[in-house]
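Analysis of the macromolecular model
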Amino acid sequence: METTATMPTAPVSRIERESLAVRQRRLTAARRRATALLVAVTALFVVVTAIGVHGTFLGYVQAGAEAAMVGGVADWFAVTALFRRPLGLPIPHTALIVERKDQFAATLGQFVQENFLNADVLAERIRAARLIPRLAAWLADQGNAARFAGHAADLVVTVAEALRDEDVQRVLTAELTRAVDAVEVAPLAGRTLRVMIAEGQHIELLNGAVAAADRYLAEHHDELSDRFEVEAPRWVPDAVYRRIFDRLYTRLRQRLVAIATDPDDETRRQLEAWIGGLPDRLETDPELRERGERLKQDVLGSAGLRDWSSALWQKAKETLRTQAADPDSELRRRLADLLVAVGRRLESDQTLQDGLERMVESGARALADQFHDELAGLVTGTIERWDAEQTSSQLELLLGRDLQFIRINGTVVGAGVGLALHAVALALA
């Protein structure tokens with residue numbers, strides 16, 4: 001018998017976990033046993049009939065063999081008629097599985113719809129299963145939470161790897177642009193600077209700027225000297241411009257030191273006053289607001305922003321891969337702790353449990369009411385698409401061995417009935 005991988009094969013393999021070859025061998029052996037028993041009682045009947053009936057014992061043997069033969073043949077016909085036409089004859093109501101597959105599909109679909117996809121049945125099963133308390137107890141276990149956290153982290157990495165970098169970069173850039181574009185830069189900078197001034201942080205900012213300028217002068221003396229030389233008129237003697245540069249350089253650094261160290265320095269006071277009035281100008285000056293918007297648009301339209309968003313996504317993916325691969329990573333540890341906390345909260349809060357169970361039950365009812373016809377149709381349509389001959393073969397591999405025992409039982413029961421009837425007949429005679 002040819003066996004191929006069809007839709008019925010998968011459920012069968014899940015039920016008994018047997019290969020098709022093993023199932024075929026077991027069916028063949030059972031069929032041979034049943035046929036051998038039928039042949040044996042048939043031979044016995046022929047032999048006893050040929051030698052004639054002599055005495056009570058042979059009469060019982062003949063009656064029992066005859067009835068056993070009839071019972072065995074009848075059950076062979078019944079078992080065979082389920083899957084194919086006996087002896088290939090076009091006998092009505094045979095090859096039932098082949099002929100009635102579509103009707104069976106419709107009946108099974110209706111059965112599933114009425115008994116499994118019914119809203120009341122689903123609700124009752126959900127209540128009996130106590131899903132939320134069991135989930136709470138499972139999550140409250142640190143080992144379970146750690147394993148779940150690992151699977152969740154791996155799933156996040158898988159999803160991140162499946163996304164196209166170009167798409168993610170485009171989304172990040174678009175969202176960042178949308179968020180920044182909705183905010184005016186100058187007024188925001190003004191409000192931020194006002195907070196810094198109120199907290200005295202502008203003094204540190206000013207000192208830092210002055211110190212940075214002085215540090216720049218100290219580190220770039222030769223470079224600045226060369227530039228001054230290039231800009232100086234050629235008719236000025238070298239000794240003169242060097243003295244001029246050194247004097248300007250020294251005086252400038254002295255002024256920076258005075259600004260940084262003397263709170264009463266006039267220049268420092270002017271800078272502080274300028275900084276103090278800057279928030280109002282940033283918030284109200286149309287020219288400054290326009291400059292801020294132009295600067296913002298330049299930044300948003302620059303290639304640097306796209307490169308930054310791409311680098312940000314690559315860094316995020318690399319961090320996710322590293323964190324997901326390490327069982328002791330911060331990501332997995334925090335996720336596991338969160339799951340344990342959720343489980344313990346569910347265990348201790350009966351009101352929350354009841355609310356979640358009602359939510360699950362309502363969701364199941366809604367799904368059953370909305371999709372029970374579609375799901376039942378899925379069952380019916382799937383079976384209808386199966387090949388009838390292959391479906392019959394697969395079902396015979398699944399059920400045939402047990403059905404062969406029906407043949408054996410029919411032969412044995414037939415013999416017993418034959419003996420009983422022969423005994424009754426002798427008693428009445």
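Here we summarise the structure given alongside this text. (Residues numbered from 1 in each chain as written. Predicted model: local features only at pLDDT ≥ 70, side-chain atom pairs only at ≥ 80, totals over all residues. Heavy atoms only, no water.)

For the rest of this paragraph, the subject is the nonpolar core. Within the largest apolar cluster, 12 residues are counted, these being A186, L193, L206, V210, L217, F245, Y249, L256, I259, I275, L278 and L282. Elements with a contribution of two residues or more to this core: α10 (185-198), α11 (201-219), α13 (238-261) and α14 (266-284). Counting residues per element, this core draws most heavily on α13, which supplies four residues. Counting seven residues, the second-largest nonpolar core is a separate cluster that includes V41, A65, A68 and A415. (Core = buried A, V, L, I, M, F, W, Y, C linked by side-chain atoms within 4.5 Å. Buried < 20%, exposed > 50% of the residue type's maximum accessible area, 1.4 Å probe, protein only. Helix = DSSP H or I, 4+ residues; strand = E, 2+ residues; numbered from the N terminus.)

Now for the side chain of R332. Residue placement: R332 occurs in helix α17 (residues 330-348). Despite its burial, R332 remains without a salt bridge, the nearest opposite charge being carried by D154 at 5.2 Å. (Lys, Arg positive; Asp, Glu negative; His and termini not counted. Salt bridge = Lys/Arg side-chain N within 4 Å of Asp/Glu carboxyl O.)

Turning next to the side chain of D349. Tracing the sequence through the fold places D349 in the loop between α17 and α18 (350-385). At 3.0 Å, the side chain of D349 forms a polar contact with the backbone nitrogen of L352. (Polar contact = N/O pair within 3.5 Å; in protein donor to acceptor, adjacent residues only side chain to side chain.)

This part is about helix α6 (residues 119-129). All buried positions along α6 are accounted for by A119, A123 and I126. The buried side chains of α6 occupy one side of the element, clustering within an arc of 65° when seen end-on. The exposed residues of α6 that point more than 90 degrees off its buried face are R125 and A128. Positive phi appears at R130, one or two residues downstream of α6, with a value of about 50°. (Arc of directions from axis to C-beta.)

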